[in-house]
Amino acid sequence: MSILSSRRGRTAVVAVAAGALALAGCSSNDSGNGNGKSKGKKEAAAQSAAVKMGTAADSTGPAEEVTGAKPGGTIQVYEEDDFSHLDPGQIYVSDAGLLSKLIFRGLTTYKEDDKGGLTVVGDLATDPGKLSDGGKTWTYTLKDGIKDENGHVIDSADIRHTFERLYDPLITDGPSFIQQWLSGTGTAYRKAYAGPYKGKHLPDTVLATPDDKTIVFHFKDAQPDLPQALAMAGYSVVPEKTDTKAKYDTKPVAVGPYKISEFKAGKSVKLVKNANWDPKSDAMRHQYVDGFNIEINHDDEDQTKTILADRGDAKNSIMMTGQVATTQVQKVVSDPAAMKRTIQGYAPYVWQMNFNMDRIKDKKLRDAITYAMPSTAMYKTDGGAYGGEVANSLMSPTTPGYQKDYDPFDRSKKPNGDIEKAKKLIEEAGAKGKKIVYAYANTPVRQQQAVLVENALGKIGLDVQKKEIDAATWYEQVGKVQNGFDIYMTGWGQDWPSAATVFPPLYDGKQIQDGASNYAHINDDHVNSEIQRILKITDTAEATKAWTALNQYISEKINPAAPIYYTKTFQIAGTNVGGLRYSTVTSYTDPTRVFLKS
């Protein structure tokens, strides 16, 4: 999944990249973490544990009460950028993914314990699903009487419509795991079916709804991870009768505990209680506060200073995808009282500098740029040791198969770049003086990093042409096949603990299309065939080993992207906010359990 960030990449529960979006990590306790130490790879490794499958009993509500929780009041939220999408089918970045936890529901979701352990349970469905035919067929039964904000009872027709609309050309930015599993890899699924708006359905041999309560998925191959995929925001239900197609992106219908009462693009979003939400049907969410007031255009510096001051509404405030600003980290860490209202976690994202391989075709040039990257300086602009650490690989420490000693570009010895080695490669490539169009988001962190990148590449003889892009449309712009850029940074994290949620979306050449996540446009026959081979391996240990080997091949033989830094989360809340906990699902504060103390 990507997070948006200065925030910090574009999630899979999946964890975007303009300033700061993300998804996974390690919990702190409800009172915050006052030890003054940032999270490390030990905590990250704990996040690579397999998700547990829940039971029907685990899937029933209400959710376990949060100690000390009280009802009432409005949570104040500060955000840097506008939400990229509100239509669930278009959500694949961490900001909207976080919002989705409050307003949307899908067939499955996660229950999370205080140690960050995850159990997938039924959400709209009675359980995580019943498999048959060796995992090729999955059957779901809907819970009784779950209503959307208009009072409509969600039925199987709504679920069918939710998945069929993902095939329509208007849906360009959401996840495509399930569509590909049903109808063909890469972009083939779009050729198999055009979507529901012309009155046609997927055949029952693919997706069946034998009655109002039952949904049956029929896959060509075993799909043991379907319950985890269904928990993604992008597969949240869109009720058929209220689907307004493109307009749905600005006025979606809620099924969760809150609904949108006011949306001002680029300015604010207000949430109020959804009176039709029934806590008895929901094993994960709470509805403690009366609503959320989300204000846009507050960068990390502004957010941190405002919340630290703790005056007025700031006492009731949380960050969604914001981070403690780099300039304020020491002030927070050195104050025990401030640390008690912080949360930390090791997020699953890898910030990487993508090479547009349609334009940067010489591997020696790609290697030179990779060696020149000032990774240490770059992560220090994004929270320092509390915001990240140098990346040695395209795999995150939270991903099964990660190797801490695998270091193809010698980051351990020269974490801030190897200018001399990069110069030599530039000479061998005959690339001295070559113009490089570098796109970056218009957030303070990305602007600071752009200066670092420009200086580093200038030292090795490249002529950097900087191109600043609006952060709110960052992924839409770099996600275009003909984007006009040579290099650009994105952040990606696993959607669940499996490299199968990393390598196919990022490196499968069959998935190159506008809106897809193959940002480097890598299209290598060996990589493509290996991805398809590994996806069919049902033994988890064997598949993990194969993904690790493929990571090495991609890095050494092709190098489509330079790993820059791994991300961590460090957030602060107002003194009147209770229920604070880092969420390994969202990689940020868990908004479903917060309350106001008074």
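Just so we're clear, the structure is a prediction, and the values are computed from it rather than from any experiment. (Residues numbered from 1 in each chain as written. Predicted model: local features only at pLDDT ≥ 70, side-chain atom pairs only at ≥ 80, totals over all residues. Heavy atoms only, no water.)

## Brief notes about the packing of helix H10 (residues 363-372) against helix H12 (residues 419-429)
Next, step 1: Following both chains from N to C, one finds H10 and H12 inclined at 165 degrees, their axes separated by 8 Å at the closest point. Here H12 runs roughly antiparallel to H10, going by the angle between their axes. As for how H10 packs across H12, the hand of that crossing is left-handed. Packed against H10, whose contacting residues are Lys364, Leu365, Asp367, Ala368, Tyr371 and Ala372, the element H12 presents Ile419, Lys421, Ala422, Leu425, Ile426, Glu428 and Ala429 at the interface. (Axes fitted to C-alpha atoms, helices over the stretch in contact; angles between N-to-C directions. Helix = DSSP H or I, 4+ residues; strand = E, 2+ residues; numbered from the N terminus. Parallel < 35°, antiparallel > 145°, perpendicular 65-115°, else oblique. Left-handed = near helix turned anticlockwise from the far one by under 90°. Contact = heavy atoms within 4.5 Å.)

## Side note on helix H3 (residues 156-164)
Next, step 1: Of all 9 residues in H3, 8 are buried, a share of seventy percent or more.
Next, step 2: Turning to H3, the residues buried within the fold contact helix H4 (177-183), strand E8 (207-211), strand E9 (214-218) and helix H6 (226-230).
Next, step 3: In this structure Asp155 caps H3, since a side-chain oxygen of it lies 3.1 Å from the backbone nitrogen of Ala157. (Buried < 20%, exposed > 50% of the residue type's maximum accessible area, 1.4 Å probe, protein only. Polar contact = N/O pair within 3.5 Å; in protein donor to acceptor, adjacent residues only side chain to side chain.)

## Some points on the nonpolar core
Next, step 1: Within the largest apolar cluster, 110 residues are counted, with the highest numbers of intra-cluster contacts made by Leu107, Phe163, Ile178, Phe217 and Leu457.
Next, step 2: Tallying contributions element by element places helix H17 (residues 540-558) first for this core, with 6 residues.
Next, step 3: Setting aside residues no more than four positions away along its own chain, Phe163 makes contact with Leu107, Ile178, Leu207, Phe217, Leu230 and Tyr235.
Next, step 4: Listed in part, the 33 residues of the second largest apolar core include Val77, Tyr349, Tyr582 and Leu596. (Core = buried A, V, L, I, M, F, W, Y, C linked by side-chain atoms within 4.5 Å.)

## Side note on the confidence of the model for the protein
Next, step 1: In the predicted model, the protein carries a mean pLDDT of 91, and the fraction of residues at 70 or more is 92%.
Next, step 2: Predicted confidence is poor over residues 4-35, with pLDDT under 50, and the contacts of this stretch with residues over four places away or in other chains come to 242 contacts. (pLDDT = per-residue confidence, 0-100.)

## Points about H12
Next, step 1: Of all the positions in H12, only Ala422, Leu425 and Ile426 are classed as buried. The arc that holds every buried residue of H12, seen down its axis, measures 105 degrees, which confines them to one face. Those residues of H12 that are exposed and aimed more than 90 degrees away from the buried face are Glu420, Lys424 and Glu427.
Next, step 2: Check the buried side of H12 and you find it contacts H10.
Next, step 3: In the stretch just after H12, Gly430 is the one whose phi turns positive, near 65 degrees. (Arc of directions from axis to C-beta.)

## As for the sheet that holds strand E13 (residues 317-319)
Within a sheet, neighbouring strands are paired by backbone hydrogen bonds and run either parallel or antiparallel to one another.
Next, step 1: What the 5 strands build is an open sheet, ordered E10-E11-E12-E3-E13; its pairing is mixed. Both outer strands of the open sheet, strand E10 (258-264) and E13, are each paired with one neighbouring strand and no more. If you compare each strand with its neighbour and ignore which way they point, the axes differ by 20 degrees on average.
Next, step 2: The strands touched by helix H2 (residues 94-103) within the sheet are E10, strand E11 (268-273) and strand E12 (291-295), with E10 carrying the most contacts at an inclination of about 135 degrees.
Next, step 3: Sitting on the sheet, helix H7 (residues 300-309) touches strand E3 (74-78) and E13, and the angle it makes with E13 is about 150 degrees. (Pairing = 2+ DSSP bridges.)

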